[in-house]
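As a plain string of letters, each chain reads:
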Amino acid sequence: MSAASSGLLRLFRRCPPADLSPYRHFILADRHVGWVDPDFARLLAEFPAVFYLTDRTVHLHDRLEQIEDRSKAVADVLARLHERGHVPGWRGELYPVNRRFGEAPLLLMERAATPLFGLQTYGINVNGLVRDGNGWRIWIARRAMTKHVDPGMLDLIVGGGVPHGISLADNLLKECAEEAGIGPTLAERAQPAGLTTMIVAAHEGLRVGVQFNYDLELPADFQPRNDDGEVSEFQLWSLSQLEESLRTRDDFMFDAALAKLDLLVRLGVVGPEDPDYLDLIAQLRRPAPFVRT
């Protein structure tokens, strides 16, 4: 264990858990599913046929009982707000709105709008590992400057959100092919290795995320190749390089940094002898504090 690893708590000072007290609860079908910033709530109040507000909540109108009706009504509102510049980074992808992974969605919403409603979203992270004697090296990607979120920052070799209608396994295969040129035969070897969570205020809104982490051993002669324009370069690092970066710099996008910290814990680079170990583990797996409704 590196004596410097106690400094890894700085990651959570860089992006501390969001203070949710100013936000209004977003209520859908009598369930608390998200948090809405007061300024965005005022925009939603302009559409009373779809949303109504109380002192501390934003409700989707009860008359919208079916998922198809809810999704269409919300899509119409978001399209109008997008035209006015209030929903940037439009993706054309629908995300499920629920409180637990695998639950039937209550609503399908444009991906770019989910941080504006503070919705829990889901993603996959893949650690691309290469054997190095008795240890490992790891592939690191740099995000393209054209990315809407965290342009130019360091990232995993493969990572991506999980939209509606695709399984984790199929999404992993798709993202591996698009982001790193990893074919299905190799990608299918990826092993699930746990999860990390986050609740942070970002420039695009409130990011409430559950990230499913995978480890994938890659051949020593494998060279990643990006096919979707989302990565500008790949670098192969030692684990000591990774730890040093996480300890001293803010080069990684936050959710990727969490996945990398989780990897260092699982590989024993950061162990229980570290004085911050319990705090690190607790911060990596904080559940979203939904309230009973």
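Figured I'd write up the structure that's included with this text.

Conventions we followed
- Residues numbered from 1 in each chain as written.
- Predicted model: local features only at pLDDT ≥ 70, side-chain atom pairs only at ≥ 80, totals over all residues.
- Heavy atoms only, no water.
- Buried < 20%, exposed > 50% of the residue type's maximum accessible area, 1.4 Å probe, protein only.
- Helix = DSSP H or I, 4+ residues; strand = E, 2+ residues; numbered from the N terminus.
- Arc of directions from axis to C-beta.
- Contact = heavy atoms within 4.5 Å.
- Phe/Tyr/Trp six-rings, centres within 6.5 Å; stacked < 30°, edge-to-face > 60°.
- Pairing = 2+ DSSP bridges.
- Axes fitted to C-alpha atoms, helices over the stretch in contact; angles between N-to-C directions.
- Parallel < 35°, antiparallel > 145°, perpendicular 65-115°, else oblique.
- Left-handed = near helix turned anticlockwise from the far one by under 90°.

**Re helix H6 (residues 239-248)**
Now for step 1: Inspection of H6 places Leu239, Leu242, Glu243, Ser245 and Leu246 among the buried residues, and these make up the whole buried set. Taken down its axis, H6 places every buried residue within 160 degrees of arc, on the same side.
Now for step 2: The inward-facing, buried residues of H6 contact helix H1 (10-14), strand E8 (135-143), strand E13 (231-238) and helix H7 (254-266).

**Concerning the packing of aromatic side chains**
Now for step 1: One pass over the full model with this rule turns up nine aromatic pairs.
Now for step 2: Both rings, one in Trp35 and one in Phe290, keep their centres 5.3 Å apart while their planes meet at 20 degrees; by these two values the pair is stacked. Taken as a pair, Trp35 in strand E2 (residues 31-36) and Phe290 in the segment after helix H8 (277-284) lie far apart in primary sequence, 255 residues in all.
Now for step 3: For Phe290, a relative accessible area of 18% puts it in the buried group.
Now for step 4: Considering the side-chain rings of Phe101 and Tyr122, the 5.1 Å spacing of their centres and the 70 degrees angle between planes classify their relative orientation as edge-to-face. Placement of Phe101 in the loop between strand E5 (94-97) and strand E6 (107-110) and of Tyr122 in strand E7 (residues 120-132) is noted, with a sequence separation of 21 residues between them.
Now for step 5: An aromatic cluster is present here, built from Phe26, Phe40, Phe51 and Phe117 joined pairwise through their rings.

**A short note on the sheet that holds strand E3 (residues 51-53)**
Now for step 1: Taken in spatial order, the four strands of this open sheet run E2-E1-E4-E3, and their pairing is mixed. Of all the strands in the sheet, the pair left with one neighbour each is E2 and E3. Direction aside, neighbouring strands of the sheet carry axes that sit 30 degrees apart on average.
Now for step 2: Where E3 lies against strand E4 (residues 57-60), three bridges are found, and the strand directions are antiparallel. The residue bridging Phe51 from the neighbouring strand is Leu60, located in E4.

**Quick look at the packing of H6 against H7**
Two quantities define a packed helix pair, namely the angle between the axes and the distance from one axis to the other.
Now for step 1: Axis separation between H6 and H7 bottoms out at 11 Å; the angle between their running directions is 130 degrees. Here H7 runs oblique to H6, going by the angle between their axes. Relative to H7, the crossing made by H6 is left-handed. Counted together, Leu239, Leu242, Glu243 and Leu246 of H6 and Ala257, Lys260, Leu261 and Leu264 of H7 form the full contact between these two elements.

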